[in-house]
Amino acid sequence: MLTSIAYAAAGNPGAAGDAGGMFASFVPLILMFVVFYFLLIRPQQKRAKQHKEMLNALKKGDYVITSGGLLGRIVEVNGDIFTIDLGDSKVRTPRSYVSGTYDPKNLESVPADESK
């Protein structure tokens, strides 16, 4: 007997009015996805595209920073492997390990006694 009262209180689940209620329940979810897309996904895709273009434009003589923090100049390009001159030594690293470029003229050096 209680189940028949519960069905009567719920109304007709197949009625046209419930379709609007179902859509209204998805609106916050859709809005959250749109916000995440414009605040997180789209800027990350833009940065990834710029990084890929920078990697493809690298050539011999460019000054690069590796993902490990090493700064050096590309002295040889062999496919996707760069030979980077670090000053005292040379290292070979894959193209994907380069995180950026830099201009050696704009590096600021701070004397040891002023860093305190």
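Residues numbered from 1 in each chain as written. Predicted model: local features only at pLDDT ≥ 70, side-chain atom pairs only at ≥ 80, totals over all residues. Heavy atoms only, no water.

## Description of the sheet that holds strand β1 (residues 63-66)
Point 1. The 5 strands lie next to each other as β4-β3-β2-β1-β5, forming an open sheet whose pairing is antiparallel. Looking at the sheet topology across the chains shown, the edges are occupied by β4 (90-94) and β5 (98-101). Between one strand axis and the next, the sheet turns by 45° as a mean value, whatever way the strands run.
Point 2. As paired strands, strand β2 (residues 71-78) and strand β3 (residues 81-85) are joined by 5 bridges and run antiparallel to one another. (Pairing = 2+ DSSP bridges. Helix = DSSP H or I, 4+ residues; strand = E, 2+ residues; numbered from the N terminus. Axes fitted to C-alpha atoms, helices over the stretch in contact; angles between N-to-C directions.)

## Side note on the packing of aromatic side chains
Point 1. One pass over the structure, following the stated rule, counts 2 aromatic pairs.
Point 2. Taking 5.2 Å as the distance between ring centres and 80° as the angle between the ring planes, the aromatic pair formed by Y37 and F38 counts as edge-to-face.
Point 3. Given a relative accessible area of 30%, Y37 falls into the partly exposed group.
Point 4. For F38, a relative accessible area of 48% puts it in the partly exposed group.
Point 5. Considering the side-chain rings of Y63 and Y102, the 5.6 Å spacing of their centres and the 65° angle between planes classify their relative orientation as edge-to-face. Within this pair, whereas Y63 is found in strand β1, its partner Y102 is found in the segment after β5, the two being separated by 39 residues in sequence.
Point 6. The partly exposed category is assigned to Y63, whose relative accessible area is 30%.
Point 7. Classification of Y102 as buried rests on a relative accessible area of 18%. (Phe/Tyr/Trp six-rings, centres within 6.5 Å; stacked < 30°, edge-to-face > 60°. Buried < 20%, exposed > 50% of the residue type's maximum accessible area, 1.4 Å probe, protein only.)

## Quick look at the side chain of T93
Point 1. Position of T93 among the secondary structure elements: in strand β4.
Point 2. Residue T93 is classed as buried on the basis of its relative accessible area, which comes to 9%.

## So, the pattern of salt bridges
Point 1. Scanning the model with the defined rule gives 3 salt bridges in all.
Point 2. In this structure, R73 engages D85 in a salt bridge whose closest nitrogen and oxygen atoms are separated by 3.9 Å. With R73 in strand β2 and D85 in strand β3, this pair connects stretches of sequence that are 12 residues apart.
Point 3. Classification of D85 as partly exposed rests on a relative accessible area of 21%.
Point 4. Put simply, R95 and D80 hold a salt bridge, and the shortest N to O gap is 3.3 Å. Within this pair, whereas R95 is found in the loop between β4 and β5, its partner D80 is found in the loop between β2 and β3, the two being separated by 15 residues in sequence.
Point 5. For R95, a relative accessible area of 15% translates into the label buried. (Salt bridge = Lys/Arg side-chain N within 4 Å of Asp/Glu carboxyl O.)

## A few points about the pairing of β1
Point 1. In β1, alternate side chains face the same way, and those of V64 and T66 are buried while those of Y63 and I65 on the opposite face are not.
Point 2. In the sheet, β1 pairs with β2 via 3 bridges, with the strands oriented antiparallel. Following the sheet pairing, Y63 is matched in β2 by R73.
Point 3. Between β1 and the antiparallel strand that follows it, β2, lie 4 residues; G69 among them carries a positive phi value of about 95°.
Point 4. One ladder, built from 3 bridges, connects β1 with β5; its direction is antiparallel. Considered in β5, the bridge of V64 is made with T101.

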